Amino acid sequence: MEVRSEILTMALRAPFRIAREHPEDVATSVIVEVMWGDHHGLGEAAPGAYYGETAETVMAVLPILAAAVEEAGEPPLAIAGARRWLMTADAAMESAIGRNWAAKAALDIALHDLLARRASIPVYELLGTSAVAPPTDFSIGIDDPADVARRAARAASFPALKIKVGGPADVETLRRVREAYDGPIRVDANTGWQPEGAAAMLPELVALGVELIEQPFPAHRLDQLAWLQERTELPIMADESVETTDDLNALVGVVAAVNVKLMKCGGVGPALRMLERARELGFRSMIGCMVETSVGMAASASVAALAEWVDLDGNLLLARDPFRGLELGSDKRWQLTGGPGLGVTRIRSAPVDGSVDGSVDGIDP
Ligand SMILES: [Mg+2]
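Residues numbered from 1 in each chain as written. Predicted model: local features only at pLDDT ≥ 70, side-chain atom pairs only at ≥ 80, totals over all residues. Heavy atoms only, no water.

A.B. asks: Just give me the short version of the layout of surface pockets, but keep the residues and values in it.
C.D. replies: Its boundaries defined by the atoms lining it, the largest pocket holds a volume of some 720 Å³. Taken together, 36 residues line the largest pocket, and the ones lying closest to its centre are Glu-21, Pro-47, Gly-48, Met-290 and Val-291. Mapped onto the lining of the largest pocket, the elements with two or more residues apiece are strand 1 (2-16), strand 2 (24-36) and strand 5 (161-164). Of the residues that constitute the lining of the largest pocket, the class distribution is 15 nonpolar, 7 polar and 14 charged. Counting only domains with at least three residues in the lining of the largest pocket, you end up with domain 1 (2-127) and domain 2 (138-344). (1 Å grid on protein atoms, 1.4 Å probe; cavity = no way out; pocket = protein on both sides within 12 Å on 5 of 7 lines; lining within 4 Å. Points joined across faces, edges and corners; volume = space filled by probe spheres on them. Helix = DSSP H or I, 4+ residues; strand = E, 2+ residues; numbered from the N terminus. Nonpolar A, V, L, I, M, F, W, Y, C, P; charged D, E, K, R; others polar. Domains from an automatic or database assignment.)

Shown next, in the form of structure tokens:
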């Protein structure tokens, strides 16, 4: 097995700000290509500093993870055997080193792409999921309320919006968005709210048509999350509080919903198992993402059918996605083509210098 990796620093369409970070105008991914015999597969790590990863940590642990996967032996040709082997490969990576979920996701995604390509089936078929999933929402970062509302109006073709809150003018922002946009509003505070302030806002959030409240308080404050969930019918959704399947049990009876991301749990195989476990435990679920190229987005879309809510817009936030093959339908569902693997290929001529590809309908800043 040979693993090639490359750090891509990609300009965003517009600076993106969430509650606990400064505005970002670039995103960094590590793209990996795994070659095994005559076959190859693409994967992506979108490391987040909040979760302790950077492009450099990903590059440092990839050889350790690759060695662990090689020890799992050759993947079998039959589909069922390949599925079992992928679980063995994930377990081998898990034994080799803790955490480093985005790095693990990069190899897990690439191995799924490789084995699906080898079998000439799409990744969702290898996983036993469906190609048809709910449509994605579109996320808008913290900004001046008028600017957020202007972007909301331009994103009117999306069936739901995720509005980042935890800034100085949350209620004003949500009122302005409501005037500009008719659909459901999902709010994500990225740990930036205080309990009393959040509780005081609840009636207005309900009146404004907010559909769910994501991670209002710090990740470890499950007591505060439970306190707010007891006070509202709106689903409180854990994101920063829930990284892997191991975190789910502690959230039973605390929150109604969880946000599953490949970059938090170690890839598309772990995400599938986490979504299944979340359903067994009675959670409502979202499949979410970091800012990622359509490699990560196609992998996430391959398990999106298992989620109630889809927040897979990471590649739409990029000025230019360096991969092609994944298309967003007019109904804002990701179109998984039925071709082999993830169905995405590198656009070798794509500039990553910040020139904006204006072809995505309605969401230019
Ligand atoms: Mg979130």
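Now, onward.
A.B. asks: Any details on the nonpolar core? Residues and values, ideally.
C.D. replies: Ranked by size, the top nonpolar core spans 115 residues in total, and within it Leu-161 and Trp-193 carry the most contacts. Broken down by element, the residue count for this core peaks at 11 residues, all from helix 3 (residues 101-118). Look past the residues within four positions of Trp-193 in its chain and what remains in contact with it is Val-165, Gly-166, Asp-170, Val-187, Ala-198, Met-201, Leu-205, Ile-213, Pro-216 and Phe-217. Residues Met-237, Ala-257, Met-286 and Trp-309 belong to the second largest nonpolar core, which totals 5 residues. (Core = buried A, V, L, I, M, F, W, Y, C linked by side-chain atoms within 4.5 Å. Buried < 20%, exposed > 50% of the residue type's maximum accessible area, 1.4 Å probe, protein only. Contact = heavy atoms within 4.5 Å.)

A.B. asks: Tell me about the sheet that holds strand 5, and name the residues and values.
C.D. replies: As summarised here, the arrangement of the 8 strands in space is 4-5-6-7-8-9-10-11, forming an open sheet in which the pairing is parallel. Each edge of the open sheet carries a strand with a single partner, namely strand 4 (138-140) and strand 11 (309-310). Pairing geometry for strand 10 (residues 284-288) and strand 11, over 2 bridges, is parallel. Bridge assignment links Met-286 to a residue of strand 11, and that residue is Trp-309. Here helix 10 (residues 268-280) sits on the sheet and contacts strand 9 (257-261) and strand 10; the angle it forms with strand 9, its principal contact strand, is near 170°. (Pairing = 2+ DSSP bridges. Axes fitted to C-alpha atoms, helices over the stretch in contact; angles between N-to-C directions.)

A.B. asks: Give me the side chain of Thr-244: which residues, what numbers.
C.D. replies: The residue Thr-244 is located in the loop between strand 8 (236-238) and strand 9 in this model. Residue class for Thr-244 comes out buried when judged on its relative accessible area of 10%. Residues contacting Thr-244, with those up to four places away along its chain left out, are Trp-101, Lys-264, Cys-265 and Met-274.

A.B. asks: Would you mind going over the pattern of salt bridges in detail, with residue names and values included?
C.D. replies: Under the counting rule described, the total for this entry stands at 26 salt bridges. Between Arg-117 and Asp-113 there is a salt bridge whose closest N-O contact spans 3.0 Å. A residue pair is termed a helical-turn pair when its members lie 3 or 4 positions apart in one helix, as Arg-117 and Asp-113 do in helix 3 at 4 residues. As a salt-bridge pair, Asp-188 and Lys-162 come within 3.7 Å of each other at their nearest N and O atoms. Placement of the pair is Asp-188 in strand 6 (residues 185-188) and Lys-162 in strand 5, with a sequence separation of 26 residues. (Salt bridge = Lys/Arg side-chain N within 4 Å of Asp/Glu carboxyl O.)

A.B. asks: Any details on the domain arrangement of the chain? Residues and values, ideally.
C.D. replies: In terms of domains, the chain is made up of domain 1 (2-127) and domain 2 (138-344). Centre-to-centre, using C-alpha coordinates, domain 1 lies 22 Å away from domain 2. Of the residues lining the interface, 42 residues belong to domain 1; the matching set on domain 2 comes to 50 residues. In total, about 3600 Å² of surface goes out of reach between domain 1 and domain 2, with carbon and sulfur atoms giving 66% of it. If you sort the residues of domain 1 by the area they bury against domain 2, Phe-16, Tyr-51 and Trp-101 come out on top, with a joint share of 16%. (Buried area = accessible area lost by both parts, 1.4 Å probe.)

A.B. asks: Hey, could you go over unusual backbone geometry for me, with residue numbers and the actual values?
C.D. replies: The phi torsion at Arg-99 lies on the positive side, around 45°, for a residue other than glycine. Residue position: Arg-99 is located in the loop between helix 2 (79-96) and helix 3. The class for Arg-99 is partly exposed, based on a relative accessible area of 41%. Even without being glycine, Asn-100 reaches a positive phi, approximately 50°. Its location among the elements puts Asn-100 in the loop between helix 2 and helix 3. Judged by relative accessible area, Asn-100 falls into the buried class, the value being 14%.

A.B. asks: I'd like to hear about the coordination of the magnesium ion, residue by residue, with values.
C.D. replies: Note on metal sites: the ideal angle is 109.5 degrees for four tetrahedral donors, and 90 or 180 degrees for six octahedral donors. Note on the magnesium ion: its protein donors are Asp-188 (OD), Glu-214 (OE) and Asp-239 (OD). The metal-donor distances range over 2.1 to 2.3 Å. Each donor residue of the magnesium ion lies on the same chain, and together they follow the pattern D-x25-E-x24-D. Within this pair, whereas Glu-214 is found in strand 7 (residues 210-214), its partner Asp-239 is found in the loop between strand 8 and strand 9, the two being separated by 25 residues in sequence. Judged on exposure class, the residue Glu-214 and its partner Asp-239 are both buried. (Donors = N, O, S within 2.8 Å, 3.2 Å for Na, K, Ca; no water.)

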